[in-house]
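# Structural characterization, general
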Amino acid sequence: MDLVLIGLNHKTASVEVREKLYYTLDEVEKVLPEIVQLFLKEGVLLSTCNRTELYGVFRDESVKCEDVINFLISGKRAEDIVKHSHFYIMRSYDAVRHLLEVASGIDSMLIGDVQILGQVKDAYEVAVKCGVVGTLLHEVFHTAFRTGKRAKTETAISEGAVSVSYAAVELAEKIFADISKKKGLLIGAGETAELTAKHLVSRGINELYIANRTIERAEKLAKEFNGKVVKLDEIQDKLGEVDIVISSVAVNDYILNFSQVKSAMAKRGNKPILIIDIGVPRNVDPKVREIENVFLEDIDSLEAIAKANYERRLNEIPKVQKIIDEELKNLIKWYDAHQVAPTIKLLRERFEKIRQAEIEKYRNKFSPEDFQKVDALTRSLVNKLLHTPTVSIRESSNGKPDSERIKFIQFVRELFGLEQK
Amino acid sequence: MLKIFKFLLPFLYIATSWMYGRAFFKDDSLAKRLKTKFLVFTLTFHFIYLIIRTAELKHPPVTSIFELLCVLGFSLSLAYILIESMTKIKNTGFFATLISSLLVLIAGIFSRDVYGFEHDVLKNELLALHVTSALVGYSAFALSAIYGLLYIMLYHKLRTKTFDTVYKNLPNLETIESMMYKSAIVGFVALTLVIIFGFIWLPRAFENFSYTDAKLVGTFMIWIVYAGGLGVKKITSLTGKKTALMSIIGFILAFILMAFANALSGFHKFY
């Protein structure tokens, strides 16, 4: 297989290097036709915050990987930071396997990352739009999409929250059956707290109250999350009403103490409440944990959940590898079927089968001697008829890239109705 | 034939329970895939056994306490599998199948294969209703207690920050609580019917019928316990851990009372 992969990722390059070589989809749309024109017959450029990888088929033997790397670096004016040693080069099935690993999320920085499959699809679609995808990359990338989808549905590779903010939502979903019937209270604003609020909103939380020392900030967040602003001194009142509290304020004293929560619990009929304290120092008196039906969790809990989920994902890698093996095997089968020799063999077998079936019908109408003559005559006829197509098919492979050959072979197969065995 | 079935049945339940346990505690993927199929097979096997037994011995398997235990094991697992197929709670069959295993095992060891009805008085439609209600009721109480146990488990894990495989495999607290409550309601309604049918049938069937029969008193006490528990929950809007504890205690009490009643009076003491 002529496929070549030139790229760098989070395993070979630091974030400073990766961000230098990051191409947005718009940039890819501009630069990819140029790359293809200079070096390739077909190509797809996949660029995310964790990797920039060029998949393609070289124009001819004179093209050197170094030249492509130089082009990628100089295109971003990153000579001073990005070095050749950051890149890896893979060929043929190694390159395909790598793409399948990328699409299924096991090559991601965060194993099982669900975004990557979408990014691979986007990269492929941009290449299609640029008109630089041939038969080979078409098949290879569709194999990758299928692999990614199977990995997601057939294994638990992307199950469970692995980020702290999602872990908070997962925790809430372990207590409450339906987030959309619950109310939340966000006290203060930090990155994790905001992200958590965002996830809760995306799960359709019924109502979100936001309390912050600076009221402008609270109003801004309320607008963003479609929530309601409450004053800090109203927290106590709201506590009886809300089911999920996320607190991350930089204060020296507790925002919520034992007696406040205790009286709020009485007010709310002792219904379970989840309080997530991610403030440093802590915002909620740890003694609150002792009150029945109060679930007080902190950043350590969230990290423990994320870690446990991540370990479970790691255990799923062998299952994903198995899917990759299967898909790669199918691709190899497809590729082999589009080679010259098996196609000629199949073509000859098909004609021979027809010839035999036809003369068999007339066996009784000839004497054995005559039958032998008819047999020889038809055999010679078939050979002569097949001579030109056979030569054409052979020539189709001479010095031509995979994609063109595959396209031609595909045409021949359809024309003569050759089924893949 | 009957003996082979009787011998194999407890082993099938134990194997099913073991599989549910592997799936629940160890996340074993093979067990996860096969557990439900295995339970369906076990239940089918059990059902066939009950049919054959009824045909062979010429009476339904409800004429002795051990026959009833065997059917109770069946109905408990049946109730569980119905819940499994109707809700998203897929991983918690270990406890239901474990109790079924125990019931079927006890029944297997102690029940005798008596041909025909030992007592003519047992040939009665009201008895059938009485017994069916009892089966439904006690299965539901057992399920309610199982959900109570699961609630306590998850509650404890959330409190102690133990986010392990069991934590992952448990449904959420609210769902568990709702299942626990609904099961208790079903159990209570069924037990009410048990008592009503019993009161209609018993005085008609037995001349020496007495309101001091241990089982009668026991059943009534269980009814009071659940009526009290459900009433308190309704009036005080009690929720969370306490209701889970109540459900477990209710079932344990029911179990103890029934064991005592059986020890004192046999099936019912009138015959």
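Residues numbered from 1 in each chain as written. Chains lettered and ligands numbered in written order. Predicted model: local features only at pLDDT ≥ 70, side-chain atom pairs only at ≥ 80, totals over all residues.

## Let's talk about the sheet that holds strand S5 (residues 183–187) of chain A
Residues and elements named next belong to chain A. The sheet built from six strands is open, its strands ordered S7-S6-S5-S8-S9-S10 with parallel pairing. Edge positions in the sheet fall to strand S7 (228–230) and strand S10 (294–298), since each of these pairs with one other strand and no more. In this sheet, adjacent strand axes meet at a mean angle of 20 degrees when their direction is disregarded. (Pairing = 2+ DSSP bridges. Helix = DSSP H or I, 4+ residues; strand = E, 2+ residues; numbered from the N terminus. Axes fitted to C-alpha atoms, helices over the stretch in contact; angles between N-to-C directions.)

## A look at the domain arrangement of chain A
All names here are of chain A. Per the domain assignment, the segments of chain A are domain 1 (3–154), domain 2 (164–298) and domain 3 (338–416). Computed over C-alpha atoms only, the centres of domain 1 and domain 3 are separated by 41 Å. Mapped by element, the contributors of at least two residues to the side of domain 1 that touches domain 3 are strand S2 (40–48) and helix H6 (135–154). Residue composition of the side of domain 1 that touches domain 3, by class: two nonpolar, two polar and two charged. (Domains from an automatic or database assignment. Nonpolar A, V, L, I, M, F, W, Y, C, P; charged D, E, K, R; others polar.)

## What about the UniProt feature "site: Important for activity" (unreviewed entry) in chain A?
Those residues carrying the UniProt feature "site: Important for activity" (unreviewed entry) are His 98 of chain A in this numbering. Excluding residues within four positions of it along the chain, His 98 of chain A makes contact with Leu 5 and Met 90 of chain A. (UniProt positions renumbered as here; feature names shortened; annotations may be inferred. Contact = placed C-beta atoms within 7 Å.)

## Section: helix H15 (residues 402–416) of chain A
Residue and element names in this part refer to chain A. With 15 residues, H15 extends 21 Å between its outermost C-alpha atoms, agreeing within 8% with the 21 Å of an ideal straight helix rising 1.5 Å per residue. Within H15 the residues assigned to the buried category are Asp 402, Ser 403, Arg 405, Ile 406, Phe 408 and Ile 409. Looking one or two residues past H15, Gly 417 carries a phi angle of roughly 60 degrees, positive in sign. (Expected span 1.5 Å × (residues − 1). Buried ≥ 20, exposed ≤ 12 C-beta atoms within 10 Å, placed from the backbone.)

## Remarks on the interface of chain A and chain B
Listed by partner, the interface residues are 16 residues for chain A and 12 residues for chain B. Among the secondary structure elements, those contributing two or more residues to the side of chain A that touches chain B are helix H7 (164–175) and helix H12 (299–337) of chain A. The element contributing the most residues to the side of chain A that touches chain B is H12 of chain A, with four residues. Taken together, the residues of the side of chain A that touches chain B sort by class into eight nonpolar, four polar and four charged.

## Let's talk about the domain arrangement of chain B
Residue and element names in this part refer to chain B. Entries for chain B in the domain assignment read domain 1 (1–118) and domain 2 (124–271). The centre of domain 1, based on its C-alpha atoms, is set 20 Å off from the matching centre of domain 2. The interface is formed by 20 residues belonging to domain 1 together with 18 residues belonging to domain 2. Put simply, the parts of the chain that give the side of domain 1 that touches domain 2 at least two residues each are helix H1 (2–26), helix H3 (65–86) and helix H4 (93–110). Counting residues per element, the side of domain 1 that touches domain 2 draws most heavily on H3, which supplies seven residues. For the side of domain 1 that touches domain 2, the per-class residue count stands at 13 nonpolar, four polar and three charged.

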